[in-house]
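The primary structure of each chain is shown beneath.
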Amino acid sequence: MTERRLLLHVENDVGVLAKVADLFAGKHYNLESLSVYPVADHTMSEMHIGFISDEQLYLQIKKQLRRCIGIVEIREEIC
Amino acid sequence: MNIKGTQLFIKALAAEKTDLLFAYPGSAVISLFDELYQQQDIRIILPRHEQALVHQADGYARSTGKTGVCLVTSGPGATNIVTGIATANYDSVPLVCFCGQVKRALIGNDAFQEVDIVGITRGITKHSMMVTERENLGKAIKEAFYIASTGRPGPVVVDLPVDMMEEYGSDEYPETVQIRSYREVGAPPKDQIKEAAAMLSNAKRPLFLIGGGLKKSKAEQRFGQLVEQSGIPVVSTIMGKGGIPSTHPCYIGNVGMHGCYAGNHAVMKCDLLCSIGCRFNDRITGKTDLFAPAAKIIHIDIDDASISRNVAVTVPIVSDADQAVEQLMAEMTPGDYNVWWHQISQWRQDSAAESPADETIFTPAAIIRTIDNMFEELIVVTDVGQHQMWTAQYLHQNDKKQMITSGGLGTMGFGFPAALGAKLGNYDKVVVCITGDGGFQMNLQELATAVMEKISVIVVIMNNQSLGMVRQWQNLMYGRRYAGTDLMSSNQGQQQVSDYIPDFIRLGESYGINGIRVSDQSQLEKALEDASKAIAAPYIIECMIDPDQLVLPMVKGGRSLDEMIVEEK
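In this text the structure is predicted, and so the values were computed from the model without any measurement. Throughout, a residue's number is its position along its own chain's written sequence, starting from 1. The order in which chains are written sets their letters, starting at A; the order in which ligands are written sets their numbers, starting at 1. In keeping with the predicted nature of the model, local features appear solely for residues at pLDDT of at least 70, side-chain atom pairs appear and are counted solely at 80 or more, and the whole-chain, interface and lining totals rest on all residues. Side-chain numbers come from the whole structure's heavy atoms, not from hydrogens or water.

### A closer look at the overall build of chain A
The line we're drawing: Think of it this way: any DSSP run of H or I at least four residues long counts as a helix, any run of E at least two long counts as a strand, and we number them from the N terminus. To get the radius of gyration, use the C-alpha atoms; to get the globule rule, take the number of residues to the power 0.38 and multiply by 2.2 Å. With a 1.4 Å probe rolled over the protein chains alone, any residue whose accessible area is under 20% of its type maximum counts as buried; one over 50% counts as exposed, and the rest are partly exposed. Note on definitions: a residue-residue contact is assigned when non-hydrogen atoms from the two residues lie within 4.5 Å. Computed by Shrake-Rupley with a 1.4 Å probe, the accessible areas treat only the displayed protein chains as cover when residues are assessed.
Broken down by element type, chain A carries 2 helices and 4 strands. Walking chain A from its N terminus toward its C terminus, one meets helices and strands in the order β-α-β-β-α-β. The globule rule puts the C-alpha radius of gyration for 79 residues at 12 Å, and the 12 Å found for chain A is close to it. Seen through its C-alpha atoms, chain A measures out along the principal axes to roughly 35 × 25 × 20 Å. Sorting the 79 residues of chain A into buried and exposed places 42% on the buried side. Taking as baseline every contact in chain A between residues at least 6 positions apart, the subset at least 24 positions apart corresponds to 71%. When the accessible surface of chain A is totalled, it reaches about 4,300 Å², and 52% of it is carbon and sulfur.

If you want it as structure tokens, here you go:
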């Protein structure tokens, strides 16, 4: 189990945060840290999320985030 | 020109070529219904329950390949379609579900008939959204249809506040969409195709495993060519059966919990498993640690998140199935699989338990085979339970015979309304609903819809007077303690009735529907003949079967696929 951090570029819109939170809650995993703030023209937000997981879950979460409509880009951050 | 939201809604549906709208009214959609009343192009199907409504749209979508469109009111109207949305989501069925919503000013106030349907369905839809600004309505509807039907299809919920729909705004309905967070799946990656083709060329015991995704991609024809060219044996999931004609010599059968003997053994002994459009659900794999222990796995799927989720994969190929099959065909050189085929033939011979010797006995297998033999072109829609597994086992499938079933979610009550939807989309084809006495009762109010809309579906109820599949588990694993599964008793078996309730034939009569109760083979053939002559009305055939009939072979949950129960002790 390793600490992971992802930076998501998301639509600054109702329900996008809930989608991300639901994905973790649905897998019964805890988000360790979270910060969200609007960027540029306020149509987008940056979302930093931190969690602890093994490699397989990490890969799975990235894939599932990638298919979430509302999440434009996913970047890995070094812990 | 400025028009009302309700008018734009009609315009949008027409642009999306929606000819059928499965709709149930309520206060939050009354203005939409008023608008629908004033047009003739879209036919409104009024069910008798919203759960049935969404299953009807689902059956229509699965049988036609078009997007099913639903309209329900807020609150209970919306929550009643939740089961159907989850059903469609699991089986990747394109649906657009419009839900009325309370006025924008009341949202979040626990208003009358208010629920957060977008929140409720977030985990069971491909996408869900509320349209709060009239100016976004056209774009939102366009996006909903686009998202539902492209990539891996799925249901989309669009929540429509009633006052927004009554507001005037632009009459423009966009022709294209651009969603910056929606990823299109591209062509299959060349390197992985090369690697997969080399593995297929070198394998001694290769096996194709086909799932529903192969059919969704319309890859049947090309896959047939690949099988012809390579001579590689094929097994399927329930959703994948028919991806190659089930009479094809290379087709072994279904795999999984109720897979065939030879198919399950083949998975356990193959050295290369090439899966196309299957997500390795637990009903397919049995215990995942023990699944296909000798095999490398090639996994072709349009959904990245389905790959390496349940089983570890050697070569992942994220792509449309048809394109991947085409490229694999161009790259691979078939090997010599004689020894492998000899082994498979041996397993086929060993599986005597799967072919009942006496076809004249009124067994579930005989019922399915009789229906199968009766019609050359057929859509069979099942409910969920033993009859579903028997149909999956014994019904032949090909380009003219299709089976529609709730595979992933296993939703009882799905069968009958979905059959009505299938018939609405295929008036020229025979549609048979094979259902159980339990599942049929979960949505039998739709008999009224069938009569009112003149939908001639043949309903075959396999009545074993019990909830057969759970009873089967109780029989095999719980010491034959039939808790809650005997539909002829109440209070834990303390009180018994002598006649089954309801009398399905008399119930049908009250709807003006003809029907017959049968208990042997010849009666069934005659009944099917009569039923197929019934025009513009459903027909009920109630087959009385023994509650002790089991679906075999069976792999108990959490066991390896080669640990099959093949006969009753």
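### Brief notes about a nonpolar patch on the surface
We count it as follows: Each patch is assembled from residues with relative accessible area greater than 30% and no salt bridge, linking like charges that lie within 9 Å and nonpolar side chains (Val, Leu, Ile, Met, Phe, Trp, Tyr) that lie within 5 Å. Whenever Lys or Arg places a side-chain nitrogen within 4 Å of a carboxyl oxygen from Asp or Glu, that contact is recorded as a salt bridge.
Residues A:Met1, A:Tyr29 and A:Ile52 make up a contiguous nonpolar surface patch of about 300 Å² in total accessible area. Considering the arrangement of structural elements, one finds A:Met1 in the segment before strand S1 (2-11).

### Quick look at the sheet that holds strand S2 (residues 31-39) of chain A
All names here are of chain A. Short version of the rule: When DSSP finds at least two bridges between two strands, those strands are taken to pair. Working convention: axes come from line fits to C-alpha atoms, limited for helices to the stretch in contact. Angles between N-to-C directions cover 0 to 180 degrees.
Taken together, the 4 strands give an open sheet; going across it, the order is S2-S3-S1-S4, and neighbouring strands pair in antiparallel fashion. Of all the strands in the sheet, the pair left with one neighbour each is S2 and strand S4 (71-77). The sheet shows a mean angle of 20 degrees between the axes of neighbouring strands, taken without regard to direction. Two strands pair when backbone bridges link them, and S2 and strand S3 (residues 44-53) are joined in this way by 8 bridges, in the antiparallel orientation. Paired with Val36 across the bridge in S3 is Met47. Where helix H1 (residues 16-26) meets the sheet, its contacts fall on S1, S2, S3 and S4, and the angle it forms with S3 comes to roughly 10 degrees. Packing against the sheet, helix H2 (residues 55-66) makes contact with S1, S3 and S4, and its axis sits at approximately 0 degrees to S1.

### Notes on the environment of B:Thr73
Residues and elements named next belong to chain B. Note the following rule: For the purposes of these results, a polar contact is taken to be a pair of N or O atoms within 3.5 Å, where, inside protein, one atom must be able to donate a hydrogen and its partner to accept one; residues adjacent in sequence count only when each atom of the pair is a side-chain atom.
With respect to the element layout, Thr73 can be found in the loop between strand S4 (68-72) and helix H4 (76-79). The spacing of Thr73 and Met477 is 404 residues in sequence and 44 Å in space, taken between C-alpha atoms. In this structure, Thr73 is in contact with Tyr24, Pro25, Gly26, Ser27, Ala28, Val29, Ala78 and Gly100, ignoring residues within four places of it in sequence. Here the side chain of Thr73 touches Ala28 through a polar contact of 3.3 Å, landing on its backbone nitrogen.

### Some words on the packing of helix H16 (residues 364-374) of chain B against helix H23 (residues 521-533) of chain B
Packed helices, taken two at a time, are described by their axes: the angle between them and the distance between them. Residue and element names in this part refer to chain B. Our working rule: Take the far helix as your reference; a near helix turned counterclockwise from it by less than a right angle gives a left-handed crossing, and one turned clockwise gives a right-handed crossing. Note on residue categories: nonpolar means Ala, Val, Leu, Ile, Met, Phe, Trp, Tyr, Cys or Pro, charged means Asp, Glu, Lys or Arg, and polar means any other residue, Gly included.
Running from N to C, H16 and H23 point in directions that differ by 35 degrees, and their axes come no closer than 10 Å. Regarding H16 and H23, the two cross each other, and that crossing is right-handed. Seen from H16, the contacting residues are Ala366, Ile367, Thr370, Ile371 and Met374; seen from H23, they are Gln521, Leu524, Glu525, Leu528 and Glu529. In the contact of H16 with H23, the residues fall into 6 nonpolar, 2 polar and 2 charged.

### Observations regarding the sheet that holds S4(B)
Residue and element names in this part refer to chain B. Spatially, the 6 strands line up as an open sheet ordered S3-S2-S4-S5-S7-S6, and their pairing is parallel. Across the chains shown, the open sheet's two edge strands, defined by having one partner strand only, are strand S3 (43-45) and strand S6 (127-130). Taking each pair of neighbouring strands and ignoring which way they run, the sheet shows an average axis angle of 20 degrees. Where S6 meets strand S7 (residues 155-161), 4 bridges bridge the pair, whose relative direction is parallel. Paired with Met130 across the strands is Asp159, a residue of S7. Set on the sheet, helix H7 (residues 137-149) makes contact with S4, strand S5 (95-101), S6 and S7; between it and S5 the angle comes to about 145 degrees.

### Digging into the side chain of B:Ser74
All names here are of chain B. Structurally, Ser74 is set in the loop between S4 and H4. A relative accessible area of 1% places Ser74 in the buried class. At a separation of 2.7 Å, a polar atom in the side chain of Ser74 contacts the main-chain carbonyl oxygen of Gln113.

### A word on the nonpolar core
Residue and element names in this part refer to chain B. The criterion, for reference: Definition used in this section: a nonpolar core is a set of buried Ala, Val, Leu, Ile, Met, Phe, Trp, Tyr and Cys residues joined via side-chain atoms within 4.5 Å.
One finds Leu200, Phe208, Phe223, Leu273, Ile276, Phe291 and Ile298 to be the most contacted residues of the largest nonpolar core, which totals 62 residues. Each residue touching Leu273, except ones within four places of it in the same chain, is listed here: Leu207, Leu209, Phe280, Phe291, Ala292, Ala295, Lys296, Ile297 and Ile298. Ile117, Ala450, Ile461 and Tyr500 belong to the second-largest nonpolar core, a separate cluster that totals 49 residues.

### Structural notes on the interface of chain A and chain B
Quoted interface sizes are often the accessible area lost when the parts come together. Put simply, the test is: The term buried area denotes the loss of accessible surface (1.4 Å probe radius) that occurs when two parts are joined, taken as the sum for both partners.
Taken together, the contact pairs 20 residues of chain A with 16 residues of chain B. Here chain A packs against chain B, burying approximately 1,500 Å² in sum over the two surfaces, 42% of which is carbon and sulfur. Three residues, A:Lys63, A:Arg67 and A:Ile69, lead the burial of chain A against chain B; their summed loss comes to 38% of the area buried on that side. The tally of links between chain A and chain B comes to 5 salt bridges. At the boundary of chain A and chain B, one finds 15 residue pairs in polar contact (both at pLDDT 80 or more). Of all the elements in the fold, those that place two or more residues in the side of chain A that touches chain B are H1, H2 and S4 of chain A. For the side of chain A that touches chain B, the class distribution of residues is 6 nonpolar, 6 polar and 8 charged.

### Focus on the pairing of strand S14 (residues 315-318) of chain B
Residue and element names in this part refer to chain B. Residues Val315 and Ile317 of S14 are buried on one face, while the alternating residues Pro316 and Val318, pointing to the opposite face, are not. The pairing of strand S13 (residues 296-301) with S14 spans 4 bridges and is classified as parallel. In the strand pairing of S14, Ile298 is matched with Val315.

### Topic: the side chain of B:Asp372
Residues and elements named next belong to chain B. Secondary-structure assignment places Asp372 in helix H16. A polar side-chain atom of Asp372 sits 2.7 Å from a polar atom in the side chain of Lys401. In this structure, Asp372 is in contact with Tyr394, Leu395, His396 and Lys401, ignoring residues within four places of it in sequence.

### Some points on the confidence of the model for chain B
As a reminder of what qualifies: Values of pLDDT, the confidence the predictor places in each residue, fall between 0 and 100.
Of all residues in chain B, 98% attain a pLDDT of 70 or more, and the chain-wide mean is 96. Both scores are given for the predicted complex: the pTM is 0.97, the ipTM 0.96.

### Regarding the layout of surface pockets
Selection rule: Residues are said to line a cavity or pocket when one of their atoms sits within 4 Å of a point; the points come from a 1 Å grid over protein atoms alone, cavities being sets where a 1.4 Å probe fits but cannot get out and pockets being open sets with protein on both sides within 12 Å along at least five of seven lines. Grid points are joined across faces, edges and corners, and a volume is the space filled by probe spheres set on the points.
Volume-wise, the second largest pocket comes out at about 1,300 Å³. What lines the second largest pocket is a set of 41 residues, and nearest its centre among them are A:Gln64, A:Arg67, B:Arg152, B:Asp303 and B:Ala305. Secondary-structure elements contributing two or more residues to the lining of the second largest pocket are H1 and H2 of chain A together with helix H5 (82-90) and S6 of chain B. Counted by class, the lining of the second largest pocket contains 11 nonpolar, 14 polar and 16 charged residues.

### Topic: the packing of aromatic side chains
Convention followed: Think of it this way: a Phe, Tyr or Trp ring, Trp meaning its six-membered ring, pairs with another when their centres are within 6.5 Å, and the plane angle makes it stacked under 30 degrees, edge-to-face over 60, tilted otherwise.
Summed over all chains, the structure comprises 12 aromatic pairs over all chains. Relative to A:Tyr58, the ring of A:Phe51 has its centre 6.1 Å away and its plane inclined at 50 degrees; by these criteria the two rings are tilted. Take A:Phe51: its relative accessible area is 1%, and that puts it in the buried class. A ring pair is formed by B:Phe98 and B:Phe145, whose centres lie 6.4 Å apart and whose planes are at 45 degrees; its orientation type is tilted. Taken together, the positions of B:Phe98 in strand S5 and B:Phe145 in helix H7 put the pair 47 residues apart, joining distant regions of the chain.

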